[in-house]
Amino acid sequence: MKPMRPVRFVLAVASVLVVSAIAGSLFGRGTASTQERLPDRYRAFTAAVRLVETNYVEKTESDRVVYSAISGMLQTLDPHSSFLDPRTYGQMRERQQGRYYGLGITIQVIDGDITAVSLFEGSPAYKKGVRRGDVIAKIDGEDAKGWTSEQAARRLRGPKGTTVRVSLRRRGYDQLIELDVARDEINIPTIAAAAMIDGTTAYIRLQDFAEQTGNDLSVALKALSAKGMRRLLSDLRGNPGGLLDKTI
């Protein structure tokens, strides 16, 4: 009987769409305005989502279905309209604001392991002794082998002051290193490097355009000017962009 469920599902959706079309035509006659017909269209959409939830062969997440529908709707408009779900929007705002609450580790998946590739100086992880190259084997007692970096980041980040336990595997150590690390505000620098190349030429690498980029750049330029800067080389390689007013 299981293979028949998709057929029933398709028929059910078709029935809803037909009924909705008939209802729309009936309610749309006479002096009914477009806004008066909108509730019927909303009901058709809600009915379709409900049918997917109850009749689809696999369990579905309502949020994912609705978000996908919104994205599909916007794709019919123009290439510049897009939709960000709450998680994606939150990640974008973190990058724009240049800060988040976590441990201050840059992680990467290497051979299936969540590996610390760099640390922000002064961050909670830095103060606790986490080193570059450490493998985060467990997070809060759960094996992290095979996780994506996004999965691990979600578990490592959280409200300021809360604690997360990380179990580190470090070369030269037989046992895992257990650390309880309190999350704190992490500021993401947008200027990766600022230095003098020679007596008059300065070099700045801008890796992002976030809310604090203007202030960071101003501080860097003042320091370089004091060292005799007369010319400036701006390195924007790998910069994904960001806030428009910070790029002008």
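Reference entry: report on the structure contained in this document. Keep in mind that what you see is a predicted model, and the values were worked out from it rather than measured. The residue numbers shown here count from 1 along each chain, following its written sequence. Restriction of local features to residues with pLDDT of at least 70 applies here, the model being predicted, together with a cutoff of 80 or more for giving and counting side-chain atom pairs; totals for whole chains, interfaces and linings are based on all residues. As a rule here, side-chain values come from all non-hydrogen atoms in the structure, and water together with hydrogens is ignored.

Structural notes on the side chain of Asp 235
So, point 1. Position of Asp 235 among the secondary structure elements: in strand β11 (residues 231–235).
So, point 2. A 3.5 Å cut-off defines polar contacts: any pair of N or O atoms within that distance qualifies, except that in protein one atom must be a possible hydrogen donor and the other a possible acceptor, and neighbouring residues in sequence count only when both atoms are side-chain atoms. Within polar-contact distance, the side chain of Asp 235 engages the side chain of Arg 237 at 2.7 Å.
So, point 3. Here a residue-residue contact requires only that any non-hydrogen atoms of the pair lie within 4.5 Å. Dropping the residues within four chain positions of it, Asp 235 is found in contact with Tyr 203, Ile 204, Arg 205 and Leu 206. For the purposes of this entry, the term helix denotes a DSSP run of H or I that reaches at least four residues, the term strand denotes a run of E that reaches at least two, and both are numbered from the N terminus.

Description of the packing of aromatic side chains
So, point 1. By convention, a stacked pair of Phe, Tyr or Trp rings (six-membered ring in the case of Trp) has centres within 6.5 Å and planes under 30 degrees apart, an edge-to-face pair has planes over 60 apart, and any other such pair is tilted. Across all of its chains, the model carries zero aromatic pairs by this definition.
So, point 2. Two conditions define a charge located above a ring, namely a distance within 6 Å from the ring centre to NZ of Lys or CZ of Arg, and an angle within 35 degrees of the ring normal. The cationic tip of Arg 170 hangs over the ring face of Tyr 173; the distance from NZ or CZ to the ring centre is 5.7 Å.

Some words on the nonpolar core
So, point 1. Grouping buried Ala, Val, Leu, Ile, Met, Phe, Trp, Tyr and Cys residues that are joined through side-chain atoms within 4.5 Å yields what is termed a nonpolar core. Working definition: with a 1.4 Å probe on protein chains only, accessible area under 20% of the residue-type maximum means buried, over 50% means exposed, and in between means partly exposed. Among the nonpolar cores identified, the biggest contains 19 residues, and Leu 103, Ile 105, Ile 136 and Val 166 are the most heavily contacted of them.
So, point 2. Listed by contribution, the elements that provide at least two residues to this core are β2 (105–110), β3 (113–119), β4 (135–139), α6 (149–156), β6 (163–169) and β7 (177–182).
So, point 3. Beyond its immediate sequence surroundings of up to four residues, Leu 103 is in contact with Ser 123, Pro 124, Ala 125, Leu 156, Val 164, Val 166, Val 181, Ala 182, Arg 183 and Ile 186.
So, point 4. Membership of the second largest hydrophobic core comes to eight residues, among which are Ile 204, Ala 220, Leu 224 and Met 229.

Some words on the environment of Arg 205
So, point 1. One can find Arg 205 in strand β10 (residues 201–206).
So, point 2. In this structure the C-alpha to C-alpha distance between Arg 205 and Leu 233, which are 28 residues apart in sequence, comes to 8.4 Å.
So, point 3. For Arg 205, the contacting residues outside a window of four places in its chain are Thr 190, Ile 191, Ala 192, Ala 193, Asp 235 and Arg 237.

Observations concerning the sheet that holds β11
So, point 1. Pairing within the open sheet is mixed, and its three strands lie in the order β9-β10-β11. In this open sheet, the two strands that pair with only one neighbour each are β9 (191–196) and β11. The sheet shows a mean angle of 15° between the axes of neighbouring strands, taken without regard to direction.
So, point 2. A strand pair is defined by DSSP finding two or more bridges across the two strands. Bridge count for β9 against β10 is five bridges, and the pairing is antiparallel. Its bridge partner lying in β10, Ala 193 is registered against Arg 205. To define axes, lines are fitted to C-alpha atoms, for helices over the stretch in contact only, and angles between the resulting N-to-C directions are given on a 0 to 180 degree scale.

Some points on the pairing of β6
So, point 1. In this sheet, β6 lies alongside β4 in antiparallel orientation, the contact comprising four bridges. Note that in β6 the partner of Ile 136 across the bridge is Leu 168.
So, point 2. The pairing of β6 with β7 spans six bridges and is antiparallel. Bridge assignment links Arg 165 to a residue of β7, and that residue is Asp 180.

Some details on unusual backbone geometry
In most cases, non-glycine residues show a negative phi, while peptide bonds are predominantly trans.
So, point 1. Located in the positive-phi region is Asp 111, a residue other than glycine, with phi close to 55°.
So, point 2. Relative to the elements of secondary structure, Asp 111 occurs in the loop between β2 and β3.
So, point 3. Taking the relative accessible area as the measure of exposure, Asp 111 reaches 71% and is therefore exposed.
So, point 4. With a phi angle near 55°, Asp 140 is a residue other than glycine that sits in the positive phi range.
So, point 5. Looking at Asp 140, the relative accessible area reads 43%, which means it is partly exposed.

Everything listed here is a matter of coordinates, which is why it stays silent on function.
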